[in-house]
Amino acid sequence: KQESYPDGSQVTLTAKPAADFIFDKWLYLSAANPLKLDMVKSWTVTPLFRKKNEILTNGDFSQGLNRWGNLYLYSAQNKGTATVSDGIYTMKVTASGTAGWHIVDQQLSIPFVQNSTYKVTFDAWADNPNAMDVFMSKNYGDYGNYYSTVKNITQTRQSYSWTFTMNYPTDLNCRFGFGFGKFSGKVYLDNVSIVRVV
């Protein structure tokens, strides 16, 4: 480390993950590790890590809405807007539905392997408490659920965690998402993760 680097000098950066994590890439730059940079300007360089056996992408929202923002609105009367600020996902519901799945955000192309067990975790809180659907389902055909649950979300940030086993044939094109349809106002998410345990 130096206070400053002469123009044209080359710097080598190495990302070192903590236990149970692996290096993913440098935000907006490259997946090379170590990374060589020619000093021609001031840089802010951010390494991105993910949990070992993590099957979601951008669950910490460090890359904004990348892989999220795949909204499903049941009808023209249902309205919700997804944004990310300071690494916190916010769904602003301005026209609720009567069921959680009437307003959904989801990540697509998630692989679930038959007989494998997965640990799901996320943090959530809401301006106006209500019940939120959480589901893993097909991304084709009848779009049926492989697994779904309902979590009661309060105004206080809480962590939710559970495991489930894929009791169906392997499907490499699944959806994982949250149903916000019963909420009004803002709902917040952070630290969303699905780790293959076995």
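Quick caveat: nothing in here was measured; it's all calculated off a predicted structure.

Another point: the sheet that holds strand β8 (residues 103-112). Here we have 5 strands laid out as an open sheet, ordered β5-β8-β13-β10-β11, and antiparallel in their pairing. Two strands in the sheet have a free side with no partner beyond their single neighbour: β5 (72-73) and β11 (145-153). Across 8 bridges, strand β10 (residues 130-138) lies against β11 in antiparallel orientation. Counterpart to Ala131 in the pairing with β11 is Asn152.

Another point: the layout of surface pockets. With a probe scaled to a water molecule rolled over the atoms, the places where space remains empty come into view. Each pocket or cavity is described by its volume, and for the largest pocket that value is around 380 Å³. Mapped by element, the contributors of at least two residues to the lining of the largest pocket are β2 (21-26), β4 (47-51) and β14 (185-196). With 5 residues, β4 is the largest single contributor of residues to the lining of the largest pocket.

With 34 residues, the main nonpolar core has Phe112, Phe122, Met132, Phe176, Phe178, Phe180 and Leu189 as its most contacted residues. Looking at this core, the elements that each hand over two or more residues are β7 (88-95), β8, β9 (117-126), β10, β11, β12 (158-165), β13 (171-179) and β14. No other element matches β9, which puts 5 residues into this core. Apart from residues lying up to four places away in sequence, Phe178 is in contact with Trp68, Ile103, Val104, Asp105, Phe122, Met132, Asp133, Val134, Phe135, Leu189 and Val192. Counting residues in each nonpolar core, the second largest holds 5 residues, with Phe23, Trp26, Leu35 and Leu37 among its members.

With that settled, the discussion passes to unusual backbone geometry. Looking along the chain, the bond that leaves Asn33 and enters Pro34 is cis, with omega of 10°. One can find Pro34 in the loop between β2 and β3 (35-38). Despite not being glycine, Asn53 has its phi angle at roughly 65°, a positive value. Within the secondary structure, Asn53 sits in the loop between β4 and β5. Despite not being glycine, Asn58 has its phi angle at roughly 60°, a positive value. With respect to the helices and strands, Asn58 occurs in the loop between β4 and β5. What makes Asn58 buried here is its relative accessible area of 6%.

To continue, consider a nonpolar patch on the surface. Where nonpolar side chains cluster on the molecular surface, the patch consists of Leu29, Val40 and Trp43 and spans about 270 Å² of accessible area. On the secondary structure map, Val40 appears in the loop between β3 and β4. Under the relative-accessibility criterion, Val40 is labelled exposed at 63%.

Rules used in this analysis
Residues numbered from 1 in each chain as written. Predicted model: local features only at pLDDT ≥ 70, side-chain atom pairs only at ≥ 80, totals over all residues. Heavy atoms only, no water. Pairing = 2+ DSSP bridges. Helix = DSSP H or I, 4+ residues; strand = E, 2+ residues; numbered from the N terminus. 1 Å grid on protein atoms, 1.4 Å probe; cavity = no way out; pocket = protein on both sides within 12 Å on 5 of 7 lines; lining within 4 Å. Points joined across faces, edges and corners; volume = space filled by probe spheres on them. Core = buried A, V, L, I, M, F, W, Y, C linked by side-chain atoms within 4.5 Å. Buried < 20%, exposed > 50% of the residue type's maximum accessible area, 1.4 Å probe, protein only. Contact = heavy atoms within 4.5 Å. Patch = residues over 30% accessible without salt bridge, like charges linked within 9 Å, V, L, I, M, F, W, Y side chains within 5 Å. Areas by Shrake-Rupley, 256 points an atom, 1.4 Å probe, with all protein chains shown as cover. Salt bridge = Lys/Arg side-chain N within 4 Å of Asp/Glu carboxyl O.

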